[in-house]
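Each chain, written out:
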Amino acid sequence: MCNYEIYKILKLEISKSLINITEKIGRDINLVQGPGGNISFKSNGFMYIKASGEKMSDAKNKNIFIKTDLIKILSSLESSDPDPIKNSWEKSSLMRPSIETTMHALMPHKYVLHVHCVNTLSWVIQKNYHEKINIFLKGINWKSVPYKKPGLNLSNEIKKIIKESIVDVILLGNHGIVAGAESAERVFEIIKSISEKLYLSELNKKSLDLEKFNKYLLCREYKLPKNKYVHQMAFSKIHSLIATKGDLFPDQTIFLENGLIIINSLEELILLSKLRANKLPVVLIPNVGIIIPRTFTEVNEDTLVGLSMIISRLPKDASINYLTNKERNELINWDLEIHRKKINN
């Protein structure tokens, strides 16, 4: 069965171009890591949106979209319903709409794309980034919002902006970017163009000496990451400290829940593995590289790659906005994030 036939059988009005672009975005780690990001389109009072926990990169392999009642969602938002997406989709489906459904509904554009673009995140995790970023976004109709818990909290902040004026791009503090357009191709072009404009530089790549890892890998609870890029943080003291001081964005909290830590010897690592046996962190070894818990899955590794790409793009004098403990706990204990985590583990 050709992949497009899946959508036709399910009677979902998903075009080939949307499927192709969704899959293309999902395979670009600069834009999306693991199940992060989402895309939607509106038609005849309905909104089709990527389901929570699904990966955009799977768009050609299986159905990742869910049909929602756009009119009902907007009406519920207008009346300040505490659960505006309740009963807005067919419950017989095993999937549920994206956490960001209300944000997509509020954007007036036919197509809406939200991604965790690493070039954008390297700016929006910094304090007072607006002053520095203006020059790169000249000619773009954009606004920004401070960090808010994904979902309804964030949507309420966006609602304030949209009431004042229609914008095509909104930068989301410590989260990413959302854009809207009248075609899937155009919304992808907007995001891709902004990503390119916001790239300045990154840490110089250092060559790895794999033999230096041997003694640390005697600790059987750890292994080497698949992607060698992540090691670059360990060769910069400043960037290693940034990585270990706290969480920069929601998916880091969810998929790298046990944090990152710097160790300097095998003895420290063995002690760490005993003290935190059930909550092993990512380990940075200065001027050697990074090792990860043996239990890490693909989504944990993808999130770590994204984190390392963001941090490697930061200037050494960057002033960082970290998520607070309250903001972290809101995410960790949230049933909707637990749902995403369960699907991807």
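In case you missed it, the structure is sitting above this.
This one's a predicted model, so the numbers in the text were calculated from it and none came from an experiment.

Definitions and cut-offs
- Residues numbered from 1 in each chain as written.
- Predicted model: local features only at pLDDT ≥ 70, side-chain atom pairs only at ≥ 80, totals over all residues.
- Heavy atoms only, no water.
- Helix = DSSP H or I, 4+ residues; strand = E, 2+ residues; numbered from the N terminus.
- Rg over C-alpha atoms; globule rule 2.2 N^0.38 Å.
- Contact = heavy atoms within 4.5 Å.
- Areas by Shrake-Rupley, 256 points an atom, 1.4 Å probe, with all protein chains shown as cover.
- Lys, Arg positive; Asp, Glu negative; His and termini not counted.
- Charge placed at Lys NZ, Arg CZ, Asp CG, Glu CD.
- Pairing = 2+ DSSP bridges.
- Axes fitted to C-alpha atoms, helices over the stretch in contact; angles between N-to-C directions.
- Buried < 20%, exposed > 50% of the residue type's maximum accessible area, 1.4 Å probe, protein only.
- Arc of directions from axis to C-beta.
- Phe/Tyr/Trp six-rings, centres within 6.5 Å; stacked < 30°, edge-to-face > 60°.
- Lys NZ or Arg CZ within 6 Å of the ring centre and 35° of its normal.
- Core = buried A, V, L, I, M, F, W, Y, C linked by side-chain atoms within 4.5 Å.
- Parallel < 35°, antiparallel > 145°, perpendicular 65-115°, else oblique.
- Nonpolar A, V, L, I, M, F, W, Y, C, P; charged D, E, K, R; others polar.

Participant: Lay out the overall build of the chain in plain terms, naming residues and giving numbers.
Facilitator: For the chain, the count of helices and strands is 14 helices and 11 strands. In summary, the chain has a C-alpha radius of gyration of 20 Å against a globular reference of 20 Å for 345 residues, a match within 12%. In terms of overall dimensions, the chain has a C-alpha envelope of 60 × 45 × 35 Å along the principal axes. Relative to all contacts within the chain whose residues are 6 or more apart in sequence, the contacts with residues 24 or more apart total 70%. Only carbon and sulfur atoms are counted for the fraction: they give 50% of the accessible area of the chain, which is about 15,800 Å². Charged side chains of the chain number 49 positive and 37 negative; the gap between the two group centres comes to 2 Å.

Participant: Got a sec to walk through the sheet that holds strand 1 (residues 38–43)? Specific residues and values, please.
Facilitator: Here 7 strands make up an open sheet; going across it, the order is 3-2-1-4-7-6-5 and the pairing mixed. In this open sheet, the two strands that pair with only one neighbour each are strand 3 (65–69) and strand 5 (142–145). Taken pair by pair, the neighbouring strands of this sheet meet at an average axis angle of 20°, ignoring direction. Strand direction decides the pairing type here: strand 5 and strand 6 (residues 169–172), joined by 4 bridges, are parallel. By the bridge assignment, Trp142 is partnered in strand 6 with Val169. The strands that helix 3 (residues 70–78) touches are strand 1, strand 2 (46–50) and strand 3; relative to strand 3, the one it contacts most, it runs at about 60°.

Participant: I'd like a rundown of the sheet that holds strand 8 (residues 222–223), residues and numbers included.
Facilitator: What the 4 strands build is an open sheet, ordered 8-11-10-9; its pairing is mixed. Either end of the sheet is taken by a strand with one partner, and the two such strands are strand 8 and strand 9 (260–262). Bridge count for strand 8 against strand 11 (residues 289–293) is 2 bridges, and the pairing is antiparallel. Across the sheet, the residue bridging to Tyr222 is Pro293, located in strand 11. Along the sheet, helix 12 (residues 298–312) makes contact with strand 8, strand 9, strand 10 (282–285) and strand 11, crossing strand 11 at roughly 150°.

Participant: If you had to explain the pairing of strand 7 (residues 176–181) to someone new, which residues and values would you point to?
Facilitator: It is a general feature of regular strands that their side chains alternate between the two faces of the sheet. In terms of burial, strand 7 is largely enclosed, as 6 of its 6 residues are buried. Here strand 7 shows no split at all, with Gly176, Val178 and Gly180 on one side and Ile177, Ala179 and Ala181 on the other all buried. For strand 4 (residues 111–115) and strand 7, the ladder comprises 5 bridges, and the chain directions are antiparallel. In the sheet register, Leu113 faces strand 7, and the bridge partner there is Ala179. As consecutive antiparallel partners, strand 6 and strand 7 are separated by 3 residues, and within that stretch Asn174 has a phi angle of approximately 50°, a positive value.

Participant: For helix 11 (residues 266–275), give the residues involved together with the corresponding values.
Facilitator: Since the α-helix advances by 3.6 residues per turn, residues separated by three or four positions end up pointing in the same direction. Buried within helix 11 are the following residues: Leu266, Leu269, Leu272 and Ser273. Along the axis of helix 11, the buried residues cluster in a sector spanning 120°; they form a single face. Exposed positions of helix 11 whose direction lies more than 90 degrees from the buried face are Glu267, Lys274 and Leu275.

Participant: I'd like a description of the packing of aromatic side chains, backed by residues and values.
Facilitator: Scanning the model with the defined rule gives 3 aromatic pairs in all. With a centroid separation of 5.1 Å and 15° between ring planes, the pair formed by Phe41 and Tyr48 is classed as stacked. Judged by relative accessible area, which is 6%, Phe41 ranks as buried. Between Trp123 and Phe136, the ring centres sit 5.4 Å apart and the planes meet at 55°, which makes this aromatic pair tilted. Here Trp123, found in helix 5 (residues 118–124), pairs with Phe136, found in the loop between helix 6 (129–133) and strand 5; they are 13 residues apart in sequence, far enough to count as distant. We classify Phe136 as partly exposed; its relative accessible area is 26%. Chaining the aromatic ring pairs together yields one cluster made of Phe41, Tyr48 and Tyr111. The ring of Phe46 carries the charged tip of Lys67 above its face, separated from the ring centre by 4.2 Å. Lys149 extends its terminal NZ or CZ atom over the ring of Trp334, reaching a point 4.1 Å from the ring centre.

Participant: Quick one: what's the story with the environment of Ile242, residue by residue and with numbers?
Facilitator: Along the polypeptide, Ile242 turns up in helix 9 (residues 237–244). For Ile242, a relative accessible area of 7% gives the class buried. As for Ile242 and Cys117, which are separated by 125 residues in sequence, their C-alpha atoms are 19 Å apart. If we skip the residues at most four places from it in the chain, Ile242 touches Ile311, Leu314, Ile320 and Tyr322.

Participant: For the nonpolar core, give the residues involved together with the corresponding values.
Facilitator: By size, the foremost hydrophobic cluster in this structure holds 64 residues, and its most contacted members are Ile25, Val115, Leu171 and Leu304. Ignoring anything within four residues of it in the chain, the contact list for Leu304 reads Val230, Met233, Leu256, Leu260, Val282, Ile290 and Ile292. By size, the runner-up hydrophobic cluster in this structure holds 24 residues, among which are Ile49, Ala51, Val112 and Ile161.

Participant: Explain the packing of helix 2 (residues 16–26) against helix 8 (residues 184–197) to me, using residue names and the numbers behind them.
Facilitator: The N-to-C vectors of helix 2 and helix 8 enclose an angle of 20°; their axes lie 9 Å apart at closest approach. One way to sum up the angle between helix 2 and helix 8 is to call them roughly parallel. Between helix 2 and helix 8, the residues in contact are Ser17, Leu18, Ile21, Lys24 and Ile25 and Ala184, Glu185 and Phe188, respectively. Taken together, the residues of the contact of helix 2 with helix 8 sort by class into 5 nonpolar, 1 polar and 2 charged.

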